[in-house]
Structure formats: C-alpha cells, structure tokens
Amino acid sequence: MKRYERTRSLLRSPRVAWDLIMRGRYQFEYDQMQICMQGMSPAKRLNLVKAGLNLIHRRLTPWSMPVHLHIELTNYCELRCPICPTGTGALKRPPKAMDPALLERLMAETGPYLLTASLWGWGESLLHPHLSQVLEIMGRYKITTFLSTNGQRLMNDHVLQALIDLPPTHLIVAIDGLTDETNSVYRVGSKLKPVLDGVRRLAEIKRQRAQQLPILHMRYIVMRHNQHEVNSLEQFATEHEFDLLTIRTLSAIDSNPQDSKYSEFLPESSEFRAYGYEDGARIRRNDMLCYHPFWFPAVSSDGTVTACEQHYDCKEPMGVLADGVSFRDIWFSREAGCLRRAVRDNPDGTKSCADCSCRDRPATGASFRAVRINKDIPDPVVIG
C-alpha cells in the first residue's frame, strides 16, 4: 500500500466503519475490480475492524486474522513465460498441487474472516487434478474468489463443468496478444483457440442458466510487442463474450535492466510502464507501506505460509502447515513476528522485499484501466 493510499483509507474510515458495524456492508476495490460484501457475520465485521487498525500501526502480532489470502493451487505450468520463475525454471520447489484436505483445513480456520481469496500462485490453477473439490471447498464461504488462468484447458469438459457448477467470482483469463503470433511471444507455448472457445462456451452456458458467475474477465498485460493492439482490446473482448476487461502494466524484478529479460518486454510508451526510469535505471520509490504480512499472506501448494505471493521460492517462510500445526499457530508465531518486523522496519534486508515488483510502482495495483463489457454484470459485484 502506498502512503497516499493509506491516507485516503484513513480519511474514509469513519463512513466505512459505520457501514461495516451497523449494516454489515463493506465496499472496496481489488486491482480495478469493484466488490461489495454485505450480510457479513459479526466475527467477520470485528476482524475487519481489527485489521483496519493496522492502517495506523502495523503490529508484529496482529489483532486480526487475514482479510485477504493468496492460495497457490499448483506450482507447475504448461507454458514457459520468459520472466516468470516457473517458466524460466528459477522456481526450484518440487511440482505440487495443493492437497484438498490441506485446503479444507486452511479454509476452516481462515474462511470465516476472509473477504477475498486469490486462487493462483506460481503455476496454472486449472491443472489442479481435483479442481471441482477445490471450488466446492471455496464455495462454502461467503468470500470473493479470483481464479487466474492462462486458459489453455478451458475446453476440458471437467474444467468447464467445475467452473460453471462451482463458479469463482472472477475467472481471470490472461491474454497478452490478439493473435497467436503476439500472444505467444510472452505466453510461450500458448494457443488462443482453446482459450476463446472455452470463454464463449462458458458465456453460452451462463445465458442458458441465467447465471452471472463466473465473471469472464480478460486481463491484458501491455508490452513492447503488443502495445499496438491496445486500441482494439475492447472490441476483441466484446466479440469473444468477456464480461470485463482489465489492462495492466508488466511488473517484474528488473533492478538491473541491462541483465534482465524484462527489458526486452518494456513498452516504449511510458503510459504503459509499471515504473519510471532515469538514465536507463528504474527509479526507486520510498512510499511503500507493506501490509501483506499483516493481513494478506500467501500459502503455497505444499502448505508453506509466506508474507506475500512474491516469495516464490518460499525461503523466508512464516511456517508450514503440517500435521499438528494450525494456521493460527503460524500466523501468531514468533517467527511470523520476526518477519513482520523485517518487512516493517528494514524491508531492504529481506530478499523478496528488496526485489518486490510492487514497491516502485506509483500505485499498489498493476492494472490501470478497467472496461465493463457486459453491462448486465453488477458494478460492484455483491457478495453475501
């Protein structure tokens, strides 16, 4: 969170608190996606109030359970994206899909308090062998779920059935080119046909069932090789029956652009760049106040709990969910407190913070534009 974002949140906190405590209602934005939670339980309301107090002071032992959670369903992928740790082979963890029993245990502890769960990490979520079971577990809780995919398996019958019968709130489909030629420059090994056929099939079934979810969400990262397509994105998303389009910058670790693959994808126009540059070097910013280890941790596919999803190698963990170890044991542990202290007081002392892709952006979110394609989809999306 940037300092000005925290100030803005604090200024609106009296009205937010009134809505939350008296009406059980909370409206917020998640990377250009508008969400409204209503009918919240007393436990969830109280937890959110406690979490909000960390806008003032980031306690080493939080008053609250997490309000957001990243859940890595798999850490393997069929594509070879050139600046992704999985695509390049930099991710050295053994291939793993999260055990549904582990997910069930995790959600039993955190689900009653969460606002959102992001179902992705450093792998392709739709490759999970028990996707229906995963979505069934998530559907037990009144939370907003975001499932991100490269879309290559969207025409698989079992995948389609799971997504339509047990829908996440947003199905975020990554398309980074309007032709196979441009899309596969970054999404190496991808084909557009199964992606677009799958989206149209989902849209058709939704119409037949008069069903709003999942919101079919096209997400496009602007890069050097595809920036000429930006003006055609809305028409493309409309033709292929998406509900929502978001356009984002490419964020990555590029502290040394001369040696980084990232520089090859850097857009020529500063409008589409995640960071500012001076003399060829990324301008460092000092306005980041990281709240992830205080209310938005990540859980990897093997149960390792980290401060945020940036910790792709899980080398600075809070702990590991294992037999006899609960999420609460980890969340309120001494080890977690030490990690929060490092993030709060000396972020350059931790590798993931020093290389964080968020810290030098002018805003926390990477998306800079959202377009509602389907006007029948409510804005904000109401959960509860």
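See the structure shown above.
Here we summarise the structure given alongside this text. Only a predicted model underlies this, so the values are computations on that prediction, with no experimental measurement involved. (Residues numbered from 1 in each chain as written. Predicted model: local features only at pLDDT ≥ 70, side-chain atom pairs only at ≥ 80, totals over all residues. Heavy atoms only, no water.)

Regarding the overall build of the protein chain
Rules: Numbering of helices and strands runs from the N terminus; a helix is a DSSP stretch of H or I covering at least four residues, while a strand is a stretch of E covering at least two. Two things to know: the radius of gyration comes from C-alpha atoms, and the globule rule equals 2.2 Å times the number of residues to the power 0.38. Between buried and exposed lies partly exposed: a residue is buried under 20% and exposed over 50% of the maximum accessible area for its type, with that area taken using a 1.4 Å probe on protein chains only. Any two residues having at least one pair of non-hydrogen atoms within 4.5 Å are treated as being in contact. Only the protein chains shown count as cover for residues, with accessible areas throughout obtained via the Shrake-Rupley method and a probe of 1.4 Å. For the purpose of charge, His is not counted, nor are the chain termini; Lys and Arg are scored as positive and Asp and Glu as negative. In plain terms, the charge of a residue is placed at NZ if it is Lys, CZ if Arg, CG if Asp and CD if Glu.
Assigned secondary structure in the protein chain consists of 14 helices and 15 strands. A globule of 384 residues ought to have a C-alpha radius of gyration of about 21 Å, and the protein chain, at 20 Å, matches this closely. Overall, the protein chain is about 55 × 50 × 45 Å in size when its C-alpha atoms are taken along their principal axes. Burial statistics for the protein chain: of 384 residues in total, 55% are counted as buried. Put simply, of all contacts in the protein chain between residues at least 6 apart along the chain, 73% involve residues at least 24 apart. Here the protein chain displays about 16,700 Å² of accessible surface, and carbon together with sulfur accounts for 51% of that area. Within the protein chain, one finds 49 positive and 44 negative side-chain charges whose respective centroids are separated by 6 Å.

Looking at empty space enclosed by the protein
Threshold: Put simply, the grid is 1 Å and covers the protein atoms alone, a cavity is a trapped set of points that fit a 1.4 Å probe, a pocket is an open set with protein on both sides within 12 Å along at least five of seven lines, and lining residues have an atom within 4 Å of a point. Grid points are joined across faces, edges and corners, and a volume is the space filled by probe spheres set on the points. Under this grouping Gly is polar, as are all residues other than the nonpolar Ala, Val, Leu, Ile, Met, Phe, Trp, Tyr, Cys and Pro and the charged Asp, Glu, Lys and Arg.
The full count for this structure, using the stated rule, is 2 cavities of 30 Å³ or more. Lining the largest cavity are 16 residues, with Glu-72, Ala-298, Val-299, Ser-300 and Glu-309 positioned closest to its centre. Across the lining of the largest cavity, the residue classes break down as 8 nonpolar, 5 polar and 3 charged. Taken together, Met-288, Cys-290, His-292, Cys-308, Glu-309, Gln-310, Cys-356 and Cys-358 make up the lining of the second largest cavity. Classifying every residue of the lining of the second largest cavity by side-chain character gives 5 nonpolar, 2 polar and 1 charged.

Brief notes about the nonpolar core
Most often, soluble globular proteins have nonpolar side chains that are buried together. Basically, it comes down to this: To define a nonpolar core, start from buried Ala, Val, Leu, Ile, Met, Phe, Trp, Tyr and Cys residues and group those joined through side-chain atoms within 4.5 Å.
Ranked by size, the top nonpolar core spans 63 residues in total, and within it Ile-71, Leu-103, Met-107, Leu-163, Ile-175, Met-218 and Phe-242 carry the most contacts. The contact partners of Ile-175, leaving out residues within four places of it in the chain, are Asn-183, Leu-192, Val-195, Leu-196, Met-218, Arg-219, Tyr-220, Ile-221, Phe-236 and Phe-242. Membership of the second largest hydrophobic core comes to 27 residues, among which are Val-16, Ala-51, Leu-289 and Val-381.

As for the pairing of strand β8 (residues 244-248)
Counted only if it meets this: In this description, strands pair whenever DSSP reports at least two bridges between them. Here a crossover is taken to be right-handed if, once the strands point away from the viewer, the path from the first strand over the helix to the second is traced clockwise.
Counting buried positions along β8 yields 5 of 5 residues, so the element is predominantly enclosed. Of the two faces of β8, the one holding Leu-244, Thr-246 and Arg-248 and the one holding Leu-245 and Ile-247 are both buried throughout. Both strand β7 (residues 215-221) and β8 contribute to a ladder of 5 bridges, which runs parallel. Bridge pairing links Met-218 to Leu-245 in β8. In terms of handedness, the path from β7 via helix α10 (residues 233-239) over to β8 forms a crossover that is right-handed. Two elements, β8 and strand β14 (residues 367-372), share 5 bridges in a ladder whose sense is antiparallel. When the bridges of β14 are listed, Leu-245 appears paired with Val-371.

That's the geometry; what it means functionally is another story.
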